[in-house]
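Spelled out from the first residue to the last, the chains are:
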Amino acid sequence: MARDTAVREPAVRASRAVRHRGALAVFLVPFGALFVLFYLVPILYAIYQSLLTVEREGTFGPAVQVFGGLTQYISVFQNEPFWASIGRVLLFGVVQVPIMLGVALVLALLLDSPLVRGSKFFRLAFFAPYAVPSVIAAIMWGFLYSPNLSPFTAVTGAVDFLSAETVLWSIANVVTWVYVGYNMLIIYSALLSIPQEIYEAARLDGANQFRIALSIKIPLVVPALVLTGIFSIIGTLQLLAEPQVFQSFSNAVTSTFTPNLTIYSTASVPNISLAAAMSVVLALATFVLSFTVLKLTQRRTAQ
Amino acid sequence: MAISLVARAGAIAAISALALTACSTGGTDAPGASGDCAPSDGPVTLTFTSWLPGVEEAVEIWNEENPDIQVEVQTGPNGNGGTYQNFFNQLAAGNAPDLGQIEFDAMPNFRVQDGLENIAACEGILEAEDQFVPWTWSQVTFGEEDAVYAIPQDTGPMAMFYRADLFEAAGIPVPTTWEEYEAAAVQIRAQGGYINNFSQSDINAFAGLVWQAGGEWFSNDADGWTVDLTGAETTQVAEYWQGLIDNDLVAVYPPWTDEWNAAYNSSELWTWVSAVWGANTIASGAPDTAGNWAVAPMPQWEAGASAAGNWGGSTTAVLKGSDHPYEAAQFALWLNTDADALTAMNRTANIYPATIAGAELPVFGEGVEFYGGQKIYEVFAEAGNNVDPNFTWGPTMTQVYNDVADGFSGAVSGSGTLLDALTAGQDATIAALKAASIPVKE
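It should be emphasised that the depicted structure is a prediction, and the values quoted were computed from it without experimental measurement.

Asks: Quick rundown of the overall build of chain B? Include the residues and the values.
Replies: On a plain count of helices and strands, chain B comes out with 16 helices and 13 strands. Expected size for 442 residues packed as a compact globule is a radius of gyration near 22 Å; at 23 Å, chain B falls within 12% of this value. In terms of principal-axis extent, the alpha carbons of chain B reach across some 70 × 65 × 45 Å. For chain B, the proportion of its 442 residues judged to be buried stands at 56%. Of all intrachain contacts in chain B linking residues separated by at least 6 positions in sequence, the fraction that spans at least 24 positions is 76%. For chain B, the accessible surface area stands at approximately 16500 Å², while carbon and sulfur atoms represent 49% of it.

Asks: An account of the overall build of chain A is needed here, citing residue identities and associated values.
Replies: On a plain count of helices and strands, chain A comes out with 13 helices and 2 strands. Here the C-alpha radius of gyration of chain A, 26 Å, is well above what a compact globule of 303 residues would show, namely 19 Å. Expressed as lengths along the three principal axes of its C-alpha atoms, the size of chain A is roughly 85 × 65 × 35 Å. Here chain A holds 303 residues, and 42% of them are scored as buried. Contacts in chain A between residues far apart in sequence, at least 24 positions, make up 65% of those at least 6 positions apart. Accessible surface computed for chain A: about 16400 Å², of which carbon and sulfur atoms make up 70%. Positive and negative side-chain charges in chain A, numbering 17 and 12 respectively, have mean positions lying 14 Å apart.

Asks: Could you give me a rundown of the interface of chain A and chain B, with the residues and numbers involved?
Replies: Contacts between the two partners involve 56 residues from chain A and, on the opposite side, 53 residues from chain B. Residue assignment for the side of chain A that touches chain B shows that the elements contributing at least two residues are helix 1 (2-50), strand 1 (52-55), strand 2 (64-67), helix 10 (222-237), helix 12 (259-267) and helix 13 (272-302) of chain A. Counting residues per element, the side of chain A that touches chain B draws most heavily on helix 13 of chain A, which supplies 12 residues. Partitioning the side of chain A that touches chain B into residue classes produces 31 nonpolar, 22 polar and 3 charged.

Asks: Describe the domain arrangement of chain B, with residues and values.
Replies: Residues and elements named next belong to chain B. Each domain of chain B was delimited in the assignment, giving domain 1 (44-155 + 311-383) and domain 2 (158-309 + 390-441). The C-alpha centroid of domain 2 is placed 25 Å from the C-alpha centroid of domain 1. With both chains or domains summed, domain 1 and domain 2 bury close to 2700 Å², and 64% of this area falls on carbon and sulfur atoms. Contact with domain 2 buries surface across domain 1, with Trp-311, Phe-370 and Tyr-371 losing the most and accounting together for 36% of the total. In this structure, the connection of domain 1 to domain 2 is made through 0 salt bridges. Here domain 1 and domain 2 share 10 residue pairs in polar contact (both at pLDDT 80 or more) between them. Breaking the side of domain 1 that touches domain 2 down by element, the ones donating at least two residues are helix 4 (107-112), strand 5 (154-155), helix 13 (339-349) and helix 14 (376-385). Among the elements that make up the side of domain 1 that touches domain 2, the one with the highest residue count is helix 14 (5 residues). When grouped by side-chain class, the residues that make up the side of domain 1 that touches domain 2 number 16 nonpolar, 10 polar and 4 charged.

Asks: Go over the state of the cysteines with me, naming the residues and quoting the values.
Replies: Residue and element names in this part refer to chain B. Across all of its chains, the model carries 1 disulfide over all chains by this definition. The disulfide that involves Cys-37 links it to Cys-122, with 1.9 Å between the sulfurs. Classification of the bridge connecting Cys-37 and Cys-122 rests on its S-S torsion, roughly 90°, and on that basis the disulfide is right-handed. Here the residue Cys-37 occupies a position in the loop between helix 1 (2-16) and strand 1 (44-50), and Cys-122 occupies one in the loop between helix 4 and helix 5 (134-141), the gap between them amounting to 85 residues. Here the two residues Cys-37 and Cys-122 agree in accessibility, since each one is buried.

Asks: Can you explain the confidence of the model for chain A? Please cite residues and give values.
Replies: The pLDDT averaged across chain A works out to 89; a share of 93% of its residues lies at or above 70. In the model, residues 1-7 of chain A has pLDDT below 50 throughout and makes 0 contacts with residues more than four positions away in sequence or in other chains.

Asks: So what's going on with a nonpolar patch on the surface? Which residues, and what values?
Replies: Residue and element names in this part refer to chain A. A grouping of Leu-91, Val-94, Val-95, Ile-99, Val-103 and Trp-169 is seen on the molecular surface, where their side chains present a nonpolar patch of about 500 Å² in accessible area. The dominant element in the nonpolar patch, judged by the number of residues it contributes, is helix 3 (residues 80-112), at 5 residues. When you line up the elements, Val-103 lands in helix 3. Here Val-103 falls in the partly exposed class, since its relative accessible area comes to 36%.

Asks: Would you mind going over the side chain of Thr-141 of chain B in detail, with residue names and values included?
Replies: With respect to the element layout, Thr-141 of chain B can be found in helix 5. Not counting the four nearest positions on each side in its chain, Thr-141 of chain B is found in contact with Ala-147, Val-148 and Tyr-149 of chain B.

Asks: Explain the domain arrangement of chain A to me, using residue names and the numbers behind them.
Replies: Residue and element names in this part refer to chain A. According to the domain assignment, chain A consists of domain 1 (2-50) and domain 2 (73-302). On a C-alpha basis, the centroid separation for the pair domain 1 and domain 2 is 36 Å. In this complex, domain 1 contributes 4 residues to the contact, which on the side of domain 2 involves 6 residues. Summing both sides of the interface, domain 1 and domain 2 together bury roughly 380 Å²; the carbon and sulfur share of this comes to 61%. If you sort the residues of domain 1 by the area they bury against domain 2, Ala-46, Gln-49 and Ser-50 come out on top, with a joint share of 89%. Counting every contact that joins domain 1 to domain 2 gives 0 salt bridges. Split into classes, the residues belonging to the side of domain 1 that touches domain 2 amount to 2 nonpolar, 2 polar and no charged.

Asks: Run through helix 11 (residues 278-285) of chain B, naming residues and quoting values.
Replies: Residues and elements named next belong to chain B. Along helix 11, 6 of the 8 residues are buried, which leaves the element largely enclosed by surrounding structure. Taken together, the buried positions of helix 11 are occupied by Gly-278, Ala-279, Asn-280, Thr-281, Ile-282 and Gly-285. For helix 11, the secondary structure elements touched by its buried residues are strand 6 (158-163), helix 10 (258-265), strand 9 (271-275), strand 10 (293-296), helix 13 and helix 14.

Asks: So what's going on with the packing of aromatic side chains? Residues and values would help.
Replies: As enumerated under the stated definition, the model contains 65 aromatic pairs over all chains in all. Clustering of aromatic rings is evident, with ring pairs tying together Phe-161, Trp-256, Trp-260, Tyr-264, Trp-272, Trp-277, Trp-293, Trp-311, Phe-370, Tyr-371 and Phe-380 of chain B. Stacked on the ring of Tyr-199 of chain A, the Lys or Arg Lys-217 of chain A has its end atom at 5.3 Å from the ring centre. Over the aromatic face of Tyr-194 of chain B sits the side chain of Arg-189 of chain B, whose NZ or CZ is 3.9 Å from the ring centroid.

Asks: Any details on the sheet that holds strand 6 of chain B? Residues and values, ideally.
Replies: All names here are of chain B. Sheet architecture is open: 3 strands sit in the order 9-6-10, paired in antiparallel fashion. Here the strands that pair on one side only, and so sit at the sheet edges, are strand 9 and strand 10. Put simply, the sheet's adjacent strands are angled 30° from each other on average, direction ignored. For strand 6 and strand 9, the ladder comprises 5 bridges, and the chain directions are antiparallel. Paired with Met-160 across the bridge in strand 9 is Val-273. Against the sheet, helix 11 contacts strand 6, strand 9 and strand 10, and its axis sits at roughly 135° relative to strand 9.

Asks: Tell me about unusual backbone geometry, and name the residues and values.
Replies: With an omega dihedral of -5°, the bond running from Val-269 of chain A to Pro-270 of chain A counts as a cis peptide bond. Along the chain, the position of Pro-270 of chain A falls in the loop between helix 12 and helix 13. Phi is positive for Ser-267 of chain B, close to 65°, though the residue is something other than glycine. Along the chain, Ser-267 of chain B falls in the loop between helix 10 and strand 9. Of note, the phi angle at Ser-437 of chain B is positive, near 60°, even though the residue is not glycine. Tracing the backbone shows Ser-437 of chain B in the loop between helix 16 (418-435) and strand 13 (440-441).

Reading guide: rules and limits
- Residues numbered from 1 in each chain as written.
- Chains lettered and ligands numbered in written order.
- Predicted model: local features only at pLDDT ≥ 70, side-chain atom pairs only at ≥ 80, totals over all residues.
- Heavy atoms only, no water.
- Helix = DSSP H or I, 4+ residues; strand = E, 2+ residues; numbered from the N terminus.
- Rg over C-alpha atoms; globule rule 2.2 N^0.38 Å.
- Buried < 20%, exposed > 50% of the residue type's maximum accessible area, 1.4 Å probe, protein only.
- Contact = heavy atoms within 4.5 Å.
- Areas by Shrake-Rupley, 256 points an atom, 1.4 Å probe, with all protein chains shown as cover.
- Lys, Arg positive; Asp, Glu negative; His and termini not counted.
- Charge placed at Lys NZ, Arg CZ, Asp CG, Glu CD.
- Nonpolar A, V, L, I, M, F, W, Y, C, P; charged D, E, K, R; others polar.
- Domains from an automatic or database assignment.
- Buried area = accessible area lost by both parts, 1.4 Å probe.
- Salt bridge = Lys/Arg side-chain N within 4 Å of Asp/Glu carboxyl O.
- Polar contact = N/O pair within 3.5 Å; in protein donor to acceptor, adjacent residues only side chain to side chain.
- Disulfide = S-S within 2.5 Å.
- pLDDT = per-residue confidence, 0-100.
- Patch = residues over 30% accessible without salt bridge, like charges linked within 9 Å, V, L, I, M, F, W, Y side chains within 5 Å.
- Phe/Tyr/Trp six-rings, centres within 6.5 Å; stacked < 30°, edge-to-face > 60°.
- Lys NZ or Arg CZ within 6 Å of the ring centre and 35° of its normal.
- Pairing = 2+ DSSP bridges.
- Axes fitted to C-alpha atoms, helices over the stretch in contact; angles between N-to-C directions.

Written out as structure tokens, the structure is:
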């Protein structure tokens, strides 16, 4: 009997695999089809678009799209507002991402600390802003900042939150408000997965809560911080909704305030090929930046 | 480890690709001169996108009279506020509405993008020319024979809306020249108000001021386009408003916002130099000030002159790819010539028609309650007569407005001047024309 099974097992496995091929297809095809249709095809199409230029005779002659090689990419690299907008969001990211993740980490540690009561309530309360769509959040904050319509006119009358110097940071505050709870939740779930035995050992060694947080919890949630950090960098480079909404509150938000806004206004000229080329460049920049961060943090973890 | 790194990198690549947008190109078939325009068989439903307040009421009249040609209205933000972008995208995707509202200044832009059906061959269209104010008709034909790319809807002659009550109470004479306007601004500022708000994003309104001063931004001949955003008249207008901004004599609220409405509603702002349809904007944005407004001609650069500018004015265009150009053209013609339709649109949106007969309709001789019973359309009719009809719009106005508005944003928040913005806009416009392979002279 035992021998029998041993002999037959590979055959069973093989036939199982064959039998499961149908099931595999059922699970994979819907994803695959949607992925190809709404992901790969648009990306490839954007790349294709970015290689075209327009030719026409006279002003109102029929426009013909011809292969233009890297013409659009040369225009992208010569486009000052585009690079200024990338610089602006990088500055935004350098300041906002560490603050947001720092706050998220502190909140997660507080929730995880045995000293805090009502952690379920606070967990929900901190997370709630993430349930507000970013457009709504931006409109709400826009009114809060507004010098005459804000319920806090005593503050907004004294400080102009919507001026050219401050509006970037006012937007950073909105983004932080929306996403801090989301990032906190990711870090918090990483904290929950730390085995209790480690804490026990630490306590036996005489470590207090602060020491445990510093020497055990934070090092163990570094992968979660890296993940949220990369998501935040990507989100920063792709800022669109908040600045676009803020255009109706502040006259300092230009049509080229962030890279995505620049792409949006370029597409509305309409110069779709240039907008496509900008999109490709932005995607590559995002990829390179995220990959670099990943590489750097991994090297540090390995050490 | 290496594998997981690659996998993660792949995931990042996939996520970053979210930045990519899907776009598509429009058809490149040659615009047919005047081809066929035959009626469709059976009942048809047309889609019509417009941002005119209450346009549904006029359309309702048509729908009742024409059970076989039903028109569905889709509303959206004003043209430069997003509707044009939607049109360009829809045209590229081949699913544009049958009819769309397009302002005169955007007509060349749509023509260049091959977004307009030539409806000259449709019944009654060419014959309708005589009904329209001549300059509006030349804006929709581009001066070509056998070509009609839209039906003019309304014009936007400019005048000065002002708070008659405040001026009277303060004993400030209503300004008739720009010099007096500045003097009044100083007095009003001393009382805590502002004479006006300088809109950093309504570049078409600024163009209206330049238009009044006799400037022109674009001209077009056989050798291509001439762009002149920094001519003498433009410079004069830019420096005048820069002075008001520098001396804190005008407010700089972002226009078309609640903050802006609130400033009018709370009597902080005393005047608005705007187009006839602005009558509706004030009435809906500043309801608490009803009855206190009046309309006077635009302040002049030379005492005793009567020049006026124009801001806006729309057409109803049959967009490229419509399956029912005949019916769409009939509706567009009806909407903009029928007495009931024009009256309905005036009542809901205060627009001033582009037809000669339309201006004679009783509604345009009536006093308007919000303006203290003043017969405001008489002022605008007079202004309309004083608008130089030969103002040419460039073929990339969306871009011009964006680029200049970006510069104006800087100017009102303290970096650079209006003239710097126009200088940068000049270069950006020439670059945009080149990018679109449109011949341009430097």
